[in-house]
Amino acid sequence: MKSILLVEDELVISRVLKAYLQKAGYEVWQANDGIEAIELFDEKKPDLVLLDVMLPERNGWEILQYIREKSSCPVIIMTALGQTDQKLKGLNQGADDYITKPFVADEVVARVNAVLRRSVILVKDQETRLFGSLKINFQSHHVTLHGLELTFHPRDLSLLLFLAQNPNQTFTREQLIEQVWGMDYGGSDRAVDLAIKRVRKTLENWPVQEGEIKTQRGVGYQFCVYKKQ
């Protein structure tokens with residue numbers, strides 16, 4: 001049974017969402033403020049976090065930063081702040097999805113289902129591949145560079161795995177959204193650019209003579225390999 005940490009200080013909303021999530025087959029833990037959220041996250045190690053932004057004690061941005069510093073657990077932001085800059089802030093800080101209040105509980109459950117499906121990419125090729133000093137295990141989803149394991153949040157990892165499965169092929173933003181975010185994704189394709197930026201940052205010590213994630217201007221992105229073992 002997958003587990004959800006629901007962080008929401010409005011008790012009515014929290015109770016309704018808990019009931020819907022439990023009906024969908026999830027185990028649900030509830031936190032009503034930022035401090036309790038962090039304590040439960042460390043204790044329970046949930047499979048996904050539903051995170052409100054406006055919280056007592058510590059706000060959702062602080063909690064998201066705390067989670068991303070130590071875990072790749074999927075996080076869906078929930079907030080009444082519907083402005084584009086707020087959505088981009090959440091995605092840029094590593095959120096996996098963004099739901100604007102007011103929302104329908106069934107939609108939240110559908111978003112949870114979709115994010116959890118995407119958090120583990122299914123690939124046919126189960127072998128480990130070496131791209132110079134970059135090693136990717138497509139079965140265990142472990143990525144190492146110069147022998148050191150790298151940490152990605154789930155969607156960024158899924159994006160890297162998909163591109164690495166198809167080296168030296170260019171994909172448009174629309175194709176990457178379909179393959180990694182899913183057909184039900186309703187956000188901006190700007191999310192692709194942000195994810196690529198984060199992946200590049202994590203791979204910053206990958207020698208450029210071995211490979212890179214290359215921008216094909218006006219087209220999309222390519223996992224470009226110059227040295228493969």
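In this report, the structure presented in the accompanying data block is examined. (Residues numbered from 1 in each chain as written. Predicted model: local features only at pLDDT ≥ 70, side-chain atom pairs only at ≥ 80, totals over all residues. Heavy atoms only, no water.)

This next bit is on the sheet that holds strand β1 (residues 3-7). Strand order in this open sheet of 5 strands is β2-β1-β3-β4-β5, and the pairing throughout is parallel. Of all strands in the sheet, those with a lone pairing partner are β2 (27-31) and β5 (97-100), marking the two edges. Geometrically, the sheet is characterised by an average inter-axis angle of 20° between neighbouring strands, direction not taken into account. Sheet analysis places β1 next to β2, joined by 5 bridges and oriented parallel. Directly across from I4, in β2, lies its bridge partner V28. Sitting on the sheet, helix α1 (residues 11-23) touches β1, β2, β3 (48-52) and β4 (75-79), and the angle it makes with β2 is about 165°. Contacts from helix α5 (residues 105-118) reach β1, β3, β4 and β5 within the one sheet, and its direction differs from that of β5 by about 175°. (Pairing = 2+ DSSP bridges. Helix = DSSP H or I, 4+ residues; strand = E, 2+ residues; numbered from the N terminus. Axes fitted to C-alpha atoms, helices over the stretch in contact; angles between N-to-C directions. Contact = heavy atoms within 4.5 Å.)

All right, on to the pattern of salt bridges then. Evaluated as defined, the whole model comprises 11 salt bridges. Here D193 makes a salt bridge to R173, at a shortest N to O gap of 2.8 Å. With a gap of 20 residues between them, D193 in helix α8 (residues 190-202) and R173 in helix α7 (residues 173-181) connect regions that are remote in the sequence. You can call D193 buried: its relative accessible area is 16%. Residue K201 is joined to E204 by a salt bridge in which the shortest nitrogen-to-oxygen separation is 3.4 Å. (Salt bridge = Lys/Arg side-chain N within 4 Å of Asp/Glu carboxyl O. Buried < 20%, exposed > 50% of the residue type's maximum accessible area, 1.4 Å probe, protein only.)

Turning to helix α2 (residues 34-44), its buried residues number three or more, namely G34, A37, I38, L40 and F41. Seen end-on, α2 carries its buried residues on one side only, within an arc spanning 170°. Within α2, the exposed residues directed more than 90 degrees away from the buried face are E39 and E43. Looking at the packing, one finds that the buried side of α2 touches β1, β2, β3 and α3 (60-70). One side-chain oxygen at the N-terminal end of α2 lies 3.1 Å from the backbone nitrogen of I35; it belongs to D33. After α2 finishes, the residue K45 shows a positive phi value of roughly 50°. (Arc of directions from axis to C-beta. Polar contact = N/O pair within 3.5 Å; in protein donor to acceptor, adjacent residues only side chain to side chain.)

Moving on, we get to the side chain of K101. In this structure, K101 sits in the loop between β5 and α5. Judged by relative accessible area, which is 15%, K101 ranks as buried. Of note is the side chain of K101, whose polar atom sits 3.3 Å from the side chain of D52. Not counting chain neighbours up to four residues away, the residues in contact with K101 comprise E8, E10, I13, D52, M78, T79 and A80.

For α3, the full list of buried residues reads G60, W61, I63, L64, Y66, I67 and R68. The backbone nitrogen of W61 has a side-chain oxygen 3.0 Å away, supplied by the residue at the start of α3, namely N59.

A few words now on the packing of aromatic side chains. Applying the stated criterion to the full structure yields 3 aromatic pairs. Centre to centre, the rings of W206 and F223 are 5.4 Å apart; their planes meet at 25°, and the pair counts as stacked. With W206 in the loop between α8 and β11 (211-216) and F223 in strand β12 (residues 220-225), the pair connects residues that are 17 residues apart, well separated along the chain. F223 matches W206 in its accessibility class, with the two residues each being buried. (Phe/Tyr/Trp six-rings, centres within 6.5 Å; stacked < 30°, edge-to-face > 60°.)

This paragraph deals with the pairing of β4. The element β4 is extensively covered by neighbouring structure, given that 5 of its 5 residues are classed as buried. Judged by which residues are buried, β4 turns out to be covered on both faces: V75, I77 and T79 on one side and I76 and M78 on the other are all buried. Where β3 meets β4, 4 bridges bridge the pair, whose relative direction is parallel. Opposite D52, over in β4, you have M78 as the bridge partner. After leaving β3, the chain enters α3 and then returns to the sheet as β4, a path that is right-handed. In terms of strand pairing, β4 meets β5 through 4 bridges, oriented parallel. (Right-handed = clockwise from strand over helix to strand, strands pointing away.)

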